[in-house]
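Chain by chain, the residues:
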Amino acid sequence: MTNTIPSLAEVKVITFDFWQTLVLKVHPTYRKLQLELYQDMFETTAPFDEIYVLLRKADAACNKIMEDSGKDCGFEPRIRFLHEHLPENDKIKELTQDFLANLYRELEEIFATYPPVLFEEDILDTLAFFKKRNLRLGIISNTGSNGGDHLRRALVTHGIWNYIEPNLAIFSDEVKLSKPNKAIFQELLTRAQVQPDEYCHIGDNIKADYYGAVQAGCHAFHLSSDSPATSSITEIKTLCEYL
């Protein structure tokens, strides 16, 4: 399947990835409080830098599973990875469902208080322009330690949620599918009641966002600030470049 560059006149629905597309990175205060929370709840004396390295390894392992299998591998597998790799004699012995639920709620509150940094300062203006063109906007995002509940609250805080059609916000932890599985894009088509050539997805991950959408027969843009000089991939450097 080849991807053609769609005009706004052809497209009825646009979805965005969350990370590195709508938002850039976690808030630095969130990261500090997240590490403090893990240290406290896991009852470990492992230093922050050691916990952070384990978090990055958990993310890398789970993200690969999601991209290879097309199935969700979110909050719980990452927390279990972290728990399993902490020093054996310096951590709680068991992860109960109550523990996991409490940790998830605590992370949600911190995430809502210190939401991620926006990818572009003028993103609300860009979304407003899309809406003025009668485009329906949504989100398709793989999730990790922060689930769909967390991401929604961050989008509300930033004012982005005002432009999103709630039924077109699809998070991997809620549908148990992950990009690049074409089934998650087909779920969007079903919810929106549009044809593949009436829909465009924008995201930063070539495999998950770009090829996932294209293999489902949809249009796609790879959002990249360091695009190669020559490429067969349809790329944009900023969201407003598609205006």
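Since the model is a prediction, treat every value here as computed from it, not as a measurement. (Residues numbered from 1 in each chain as written. Predicted model: local features only at pLDDT ≥ 70, side-chain atom pairs only at ≥ 80, totals over all residues. Heavy atoms only, no water.)

When you look at the pattern of salt bridges in this model, what are you seeing that I'm missing?
A side chain of one charge can pair with a side chain of the opposite charge if their charged atoms are brought near each other. The full count for this structure, using the stated rule, is 14 salt bridges. For E76, the salt bridge is made with R80, and the minimal N-O distance between the two is 3.0 Å. Placement of the pair is E76 and R80 together in helix α3 (residues 75-85), with a separation of 4 residues, close to one helical turn. Overlapping salt bridges bring together D17, K179 and D209 as one network. (Salt bridge = Lys/Arg side-chain N within 4 Å of Asp/Glu carboxyl O. Helix = DSSP H or I, 4+ residues; strand = E, 2+ residues; numbered from the N terminus.)

Explanation requested: the nonpolar core in the structure shown.
Side chains that are nonpolar tend, in soluble globular proteins, to be buried together. Ranked by internal contacts, the top residues of the largest apolar core, which has 50 residues, are F16, Y38, F42, L103 and I202. Per-element accounting of this core gives the leading share, 7 residues, to helix α4 (residues 97-113). Grouped together as the second largest cluster of nonpolar side chains are 18 residues, I184, V214, A216 and I233 included. (Core = buried A, V, L, I, M, F, W, Y, C linked by side-chain atoms within 4.5 Å. Buried < 20%, exposed > 50% of the residue type's maximum accessible area, 1.4 Å probe, protein only.)

Can you walk me through the packing of aromatic side chains in this structure?
For any two aromatic rings, the description comes down to two numbers: the centre-to-centre distance and the angle of the planes. For the structure on display, the rule yields 8 aromatic pairs. Seen from their ring centres, W19 and F111 are 6.2 Å apart, and the 70° between their planes marks the pair as edge-to-face. Of this pair, W19 sits in the loop between β1 (13-16) and β2 (23-25) while F111 sits in helix α4; the two residues are 92 residues apart in sequence, bridging distant segments of the chain. Of the residues examined, W19 reaches a relative accessible area of 24% and is grouped as partly exposed. On the basis of relative accessibility, which here comes to 0%, the residue F111 falls in the buried class. Arranged with centres 5.2 Å apart and planes meeting at 85°, the rings of Y210 and Y211 form a pair that is edge-to-face. Since its relative accessible area comes to 34%, Y211 is described here as partly exposed. (Phe/Tyr/Trp six-rings, centres within 6.5 Å; stacked < 30°, edge-to-face > 60°.)

I tried to follow the sheet that holds strand β6 (residues 199-203) on my own but got confused; where do I start?
Spatially, the 6 strands line up as an open sheet ordered β5-β4-β1-β6-β7-β8, and their pairing is parallel. On the outer flanks of this sheet lie β5 (169-171) and β8 (235-236), each paired with one strand and no other. In terms of strand pairing, β1 meets β6 through 4 bridges, oriented parallel. Its bridge partner being in β6, T15 is matched across the sheet by H201. This element, helix α6 (residues 148-158), spans β4 (136-141) and β5 of the sheet and lies at about 140° to β5. (Pairing = 2+ DSSP bridges. Contact = heavy atoms within 4.5 Å. Axes fitted to C-alpha atoms, helices over the stretch in contact; angles between N-to-C directions.)

What's the story with the pairing of strand β7 (residues 219-223) in this structure? I'm lost.
Each regular strand shows side chains that alternate between the opposite faces of the sheet. Extensive coverage of β7 is indicated by the burial of 5 of its 5 residues. The alternating pattern of β7 places H219, F221 and L223 on one face and A220 and H222 on the opposite face, and all of these are buried. As paired strands, β6 and β7 are joined by 4 bridges and run parallel to one another. Bridged to G203 within β7 is H222. Where the polypeptide runs from β6 across helix α9 (residues 206-215) and back to β7, its parallel neighbour, the crossover connection is right-handed. Where β7 meets β8, 2 bridges bridge the pair, whose relative direction is parallel. Among the inter-strand pairings, L223 is bridged to a residue of β8, identified as I236. (Right-handed = clockwise from strand over helix to strand, strands pointing away.)

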